[in-house]
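Read off the chains here:
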Amino acid sequence: MSVISDLDAVAQPPNTTRSEARKWANPQVLIWAVVLFLCLTPFILIFAVSFGHKVEGAGWVWGFSFANYQRVFVGAEWPDQVTWLYLQRLYYSLYYAVIAAVLAVVTAFPFTYLMTGLSRRAQSAWLVFLLSSLSLSEVFIVMGWDVLLSNRSGLPMVFKETGLTDWLKAVGWFDVLREWGLANPRNVKFKTSVLATVLTMSYLVWPYAVILLYPPLSRLDRSMVEAAHTMGAGPWTVMRTVVLPAMRLPLVGTILLLFVFLLGVYVAVTVFAEPAKQTMSVSVYGAVRGNTLNAPFGAAQAIVLLVTAAIFLVLGQWMNRRTAS
Amino acid sequence: MILRSLSNLFLALSAILLALPIVVVCGAALNSGRTMFFPPKEPTLSRFYEFFIAEPIWVTALGNSILIAFGSAALAVLLAWPVAYGLWAKGGRASQVLAGLGSMPFALPPIVFGVGLGFLWTFLGALGAVWAGIISHATLFLALPIVTISIGLQSIDRSHLDAAATMGATSSVIFRTVILPQTMPYTISGFFFALVLSFNEFIVMFFVSASAYSTVTLQIFNSLRNGYTPTMAVAAITFIVVSLMVFSAVARWGDLPRLMGAEPAKP
Amino acid sequence: MNGLSLTGIYKDFGSVRAVENVHLDFAQGELTALLGPSGCGKTTLLRMIAGLELPSGGAIRLNDDDITALPAHKRRFGMVFQNFALFPHLSVRENIVYSLVISGTAKADAMETGERLLDLVQLKGYGDRRISALSGGQRQRVAIARALAQEPDVFLLDEPMSALDAKLREDMQVELRLLQQRLGITTIVVTHDQREAMTMADKIVVMSQGKVEQVGSPQDIYHRPENAFVADFIGRANFFDGVVENGQLRIADTVLNTTPAPAFLNGSGVRIACRPELPCLDREDVEGSRLNATVTFVRDLGPARDIHLKTAIGPMIVEYAQGEDQQQYRVGQETVVTLPAEGLHVFPEEKAVL
């Protein structure tokens, strides 16, 4: 029940309400049309294009075949030959995204909890810092981590200069690192590695995690926590029995949103992941505008990526609703 | 007591880790050579001169970045207002669906939306047009002003509208004299959020620009294979400074915690 | 007639009837208080008078013109809201002259009216302040000045004192009443505080569950309650349940005299109310029904003293003003309480269900 509509209802005798409604309807129809056109048609187009096929030298043409989807799931030569190449890319998309999202939320949660306990002024300062970091382009963040992790400068240099590398060799842990792909014969190396990829991706969404966890945590009733303290619960017990149960829904929701966002990460993966462990978004890019130039195939992969994201979102929703009831 | 210092340690550690790559990039901007080192070798400020004045590639890109950021942020606010207003004044399922649709591009992987927009502009013959780039970013970041304006509208005390009505204000006068001025800080915040994110975005821009023009971040993205140069680090510094300034301004003149979803401050 | 009148007004929210068949007249220049517990429909009634809510049925007339369907912005009844609803983005002066500015009054005239009103509510020199820089009492004055700026036909106040602290509240009640009398403006105040209503009102309308229970002067309402709800809600009362027998009241084995004799059939159940200041203790010279009593508790409030008693007809409280009683009472003490025959209000039993 809104005051505005109430006032309008009072202002208009019944016989003029219809012309009033028509006057109202026009801008409404316009805004619907604009939003539908801009926000929905791109996705519809991807879907439509994904059934077309590539023409050598002339781009692509419309069509209706599932060949592109077949290629994603079992390879172009199926049934004679099966390749899991693109499913493997999808697997790495999910693999990186899940680990990075969980890592970001697990570390951002205690941070946000502590931050929301600060004064409003201090919170403002932190938010400025976080938002600046959040809005910072992926290219700059990757640039920073690239310098930090590259073999000629940054951390590997620090390891070598401080003698940490020699110490690692001496105690024998260096071989373990080599087994994990985190060292070459002379020094530790982080490029290229799963570790560097996941860490950078996690860093990328960490401010988002804080921003998403901020509203529910700042609205958390602190007197509830104090009540638990007066009943003899220590800090960890309070966290386990009061805060975490109240935060379960926001936590799951945040992980899901970050996960969907991370499915689309491109630069961090191309820079830090090994060529054999690239993701589907890299492959979408390659197909649409990169070397392979097969727009319908890229579109099909984009749809697979979207559907995967949708499945996870629906699953998460369903899990949340089930445990809530 | 121990717990308290542990907490502070954790907060400080988070701050350091969050700032680390940014500091490294800033330091690298001082390199005099063509490659990035940290700590910088033979520190110099000549990279700043290159970025802002000497090299036409960067100067043009910066101009495009600014044009697209301001244009798309303004357009996003204009589009977001009726959506948010409908949601607040009328409510109902239809308004929620509209707001959801408007927020969808921001929530989904940008690479997918970029590919779709690339197709769309190809069909309309606008691929590579700067105005198409502006509309693309406005759509991508529409969610931000929708959210901030909605928060602003929700913060209006409904009794203010009743009070204005009893003093002779019609709905349009109420809109002009009460609703608009009271939501202005939130509208401006939404504008700046969209502005800063558009400034930094490159994936969608990559697909809709079709190499016809380039923005700063897109330029860096395009030269990724050739490695990073200290001039790019100068760009990074510029962008960080812009973000810090914008968000500090929002925090100074608006209620940033409230905007981010905290309870309204106690008076 | 001159003034405001409501005939057969009712309001439904969905299936809930918030206001039920209200007939009321508000005479020109009178101050009427709508008094009742929260949720009794008094604010809804006020909002319908302001034009902020459309009645589901009935008619509102001002000086014989039907204004039922007239929207709030055309009625222009000045209204003071519970939280004052002052615009934080405007200064004190801008708030006060808001109605003049939006109706296109010349700037100089509006400013002049603004100064006059600031003076009227004793806020001279505060015109350029921000609303956030004012105290609660000052905010209320601004809200009053703002509502009066358009020289309204009817002045409405919704719980105007609820945002003020207790001390300030009493002062403002007197001040507001004096201001209203000076301006001679038809005024309606919604309140749940009977002291506030009695301090300010010419006429009190007691409401409960959407219905008007009684309309009358403060003295009428207090001394001649028409039903058990009013007797209970206004002031304090001791209640007893009994039956009518041969023109007398019987409660358990005790028989009480009452004048005038109860107008009920023999044997009908009744609810009896008695204000605590009317009975007396150990007084041979007062006429009335005498009962043996035991003191169970004594509450000394300074200006008055409550003596809690246990009697054959149930517990009761007797209130003595300072200096009125000669004797000190202690818990456990035996005494005799006299209930004067004219001090008992008799209501039908079904009204007893509160």
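The structure presented is a predicted model; accordingly, all values stated were derived computationally and were not measured.

Caption draft 1: Examining the overall build of chain C more closely. When helices and strands are tallied, chain C shows 10 helices and 20 strands. Principal-axis analysis of the C-alpha atoms gives chain C an extent of 75 × 45 × 35 Å. In chain C, which comprises 354 residues, the share counted as buried stands at 40%. Within chain C, contacts between residues separated by at least 24 positions form 66% of all contacts whose residues are at least 6 apart in sequence.

Caption draft 2: Focus on the pairing of strand E17 (residues 304-311) of chain C. Residue and element names in this part refer to chain C. Relative to E17, strand E16 (residues 289-300) is paired through 7 bridges, and the arrangement is antiparallel. Each bridged residue has a counterpart across the sheet, and for Arg299 the counterpart in E17 is Asp306. Note: E17 against strand E18 (residues 314-321), 8 bridges, orientation antiparallel. Residue pairing in the sheet places Lys310 in a bridge with Pro315 of E18. The hairpin formed by E17 and E18 contains 2 residues between the paired strands.

Caption draft 3: Up close: the confidence of the model for chain A. Residue and element names in this part refer to chain A. Scored by pLDDT, chain A has a mean of 80; 90% of the residues are at 70 or more. Looking across chain A, the model is least confident in helix H1 (residues 3-11), with a mean pLDDT of 39, and most confident in helix H4 (residues 85-115), with 91. Residue range residues 1-18 is modelled with pLDDT below 50. Its contacts to residues more than four positions away, or to other chains, number 27 contacts.

Caption draft 4: Expanded view of the packing of helix H10 (residues 194-219) of chain A against helix H12 (residues 235-263) of chain A. Residues and elements named next belong to chain A. The contact between H10 and H12 brings their axes to 10 Å, and the two run at 150°. As the angle between them shows, H10 and H12 are arranged roughly antiparallel. Of the two possible hands of crossing, H10 and H12 adopt the one that is right-handed. When H10 is examined against H12, the residues Met201, Val205, Tyr208, Ala209, Leu212, Leu213, Pro216 and Leu217 are found in contact with a partner set consisting of Met247, Pro250, Thr254, Leu257, Leu258, Phe261 and Leu262.

Caption draft 5: Quick peek at the UniProt feature "transmembrane region" (unreviewed entry) in chain A. Residue and element names in this part refer to chain A. The feature "transmembrane region" (unreviewed entry), as given by UniProt, occupies residues 29-51, 94-114, 126-145, 194-214, 249-273 and 293-315 in the numbering adopted here. What you have in residues 126-145 is 90% helix and 0% strand, and the ends, taken at the C-alpha atoms, are 22 Å apart. Between the end C-alpha atoms of residues 249-273 the distance is 32 Å, and the span holds 84% helix and 0% strand.

Caption draft 6: Layout of the interface of chain A and chain B. Contacts between chain A and chain B engage 71 residues on the former and 75 residues on the latter. The element contributing the most residues to the side of chain A that touches chain B is helix H2 (residues 17-49) of chain A, with 16 residues. Split into classes, the residues belonging to the side of chain A that touches chain B amount to 49 nonpolar, 17 polar and 5 charged.

Caption draft 7: A look at the environment of Val196 of chain B. Looking at the element boundaries, Val196 of chain B is found in helix H9 (residues 171-200). Ignoring anything within four residues of it in the chain, the contact list for Val196 of chain B reads Ser135 of chain A together with Val242, Ser243 and Val246 of chain B.

Caption draft 8: Highlighting the sheet that holds E16 of chain C. One open sheet accounts for 5 strands, arranged E15-E19-E16-E17-E18 (chain C); its pairing is antiparallel. The strands lining the two open edges of the sheet, one partner per strand, are strand E15 (280-281) and E18 of chain C.

Caption draft 9: Representation of unusual backbone geometry in the model. One non-glycine residue with positive phi stands out, namely Ala210 of chain B, at about 50°. As for its placement among the helices and strands, Ala210 of chain B is situated in the loop between helix H10 (203-209) and helix H11 (216-222). Positive phi outside glycine occurs at Gln209 of chain C, with the angle close to 50°. You can see Gln209 of chain C is positioned in the loop between strand E9 (203-208) and strand E10 (211-216).

Caption draft 10: Broad picture of the nonpolar core. Formed by 163 residues in total, the largest nonpolar core has its most connected members in Val205, Ala209, Leu258 and Leu262 of chain A. The residues contacting Ala209 of chain A, other than those within four sequence positions of it, are Ala104, Val105, Ala108, Thr254 and Leu258 of chain A. Residues Phe26, Cys40, Ile188 and Met200 of chain C belong to the second largest nonpolar core, which totals 97 residues.

Caption draft 11: Geometry of the sheet that holds strand E4 (residues 57-62) of chain C. Residues and elements named next belong to chain C. Read across the open sheet, the 4 strands follow the order E2-E1-E4-E5; overall the sheet is antiparallel. The strands lining the two open edges of the sheet, one partner per strand, are strand E2 (16-27) and strand E5 (65-66). As paired strands, E4 and E5 are joined by 2 bridges and run antiparallel to one another. Counterpart to Leu62 in the pairing with E5 is Asp65. Packed onto the sheet, helix H1 (residues 42-50) meets strand E1 (3-13), E2 and E4 and runs at close to 60° relative to E2.

Caption draft 12: Fine view of the confidence of the model for chain C. Averaged over every residue, the pLDDT of chain C is 89; residues scoring 70 or more account for 97%. This complex was scored by the predictor with a pTM of 0.82 and an ipTM of 0.83.

Caption draft 13: Focus on the domain arrangement of chain C. Residue and element names in this part refer to chain C. Each assigned domain of chain C is listed here: domain 1 (3-230) and domain 2 (236-352). Relative to domain 2, the C-alpha centre of domain 1 lies at a distance of 39 Å. Taken together, the residues that form the side of domain 1 that touches domain 2 break down as 3 nonpolar, 1 polar and no charged.

Caption draft 14: Expanded view of the packing of helix H6 (residues 138-149) of chain A against H10 of chain A. All names here are of chain A. For the pair H6 and H10, interaxial distance at closest approach is 11 Å and the crossing angle is 140°. The orientation of H6 with respect to H10, classified from their angle, is oblique. The element H6 and its partner H10 pack so that their crossing is right-handed. Taking contact as the criterion, the partners of Glu138, Ile141, Val142, Trp145 and Leu149 in H6 are, on H10, Ala196, Thr200, Tyr203 and Leu204. Residues that form the contact of H6 with H10 fall into these classes: 7 nonpolar, 1 polar and 1 charged.

Caption draft 15: Region of interest: the pairing of E9 of chain C. Residue and element names in this part refer to chain C. Counting buried positions along E9 yields 6 of 6 residues, so the element is predominantly enclosed. Here E9 shows two buried faces, one formed by Lys203, Val205 and Met207 and the other by Ile204, Val206 and Ser208. The pairing of strand E3 (residues 31-35) with E9 spans 4 bridges and is parallel. By the bridge assignment for E9, Leu35 is matched with Val206. In terms of strand pairing, E9 meets E10 through 5 bridges, oriented antiparallel. Its bridge partner lying in E10, Val206 is registered against Gln214.

How each quantity is defined
- Residues numbered from 1 in each chain as written.
- Chains lettered and ligands numbered in written order.
- Predicted model: local features only at pLDDT ≥ 70, side-chain atom pairs only at ≥ 80, totals over all residues.
- Helix = DSSP H or I, 4+ residues; strand = E, 2+ residues; numbered from the N terminus.
- Buried ≥ 20, exposed ≤ 12 C-beta atoms within 10 Å, placed from the backbone.
- Contact = placed C-beta atoms within 7 Å.
- Pairing = 2+ DSSP bridges.
- pLDDT = per-residue confidence, 0-100.
- Axes fitted to C-alpha atoms, helices over the stretch in contact; angles between N-to-C directions.
- Parallel < 35°, antiparallel > 145°, perpendicular 65-115°, else oblique.
- Left-handed = near helix turned anticlockwise from the far one by under 90°.
- UniProt positions renumbered as here; feature names shortened; annotations may be inferred.
- Nonpolar A, V, L, I, M, F, W, Y, C, P; charged D, E, K, R; others polar.
- Core = buried A, V, L, I, M, F, W, Y, C linked by C-beta atoms within 7 Å.
- Domains from an automatic or database assignment.

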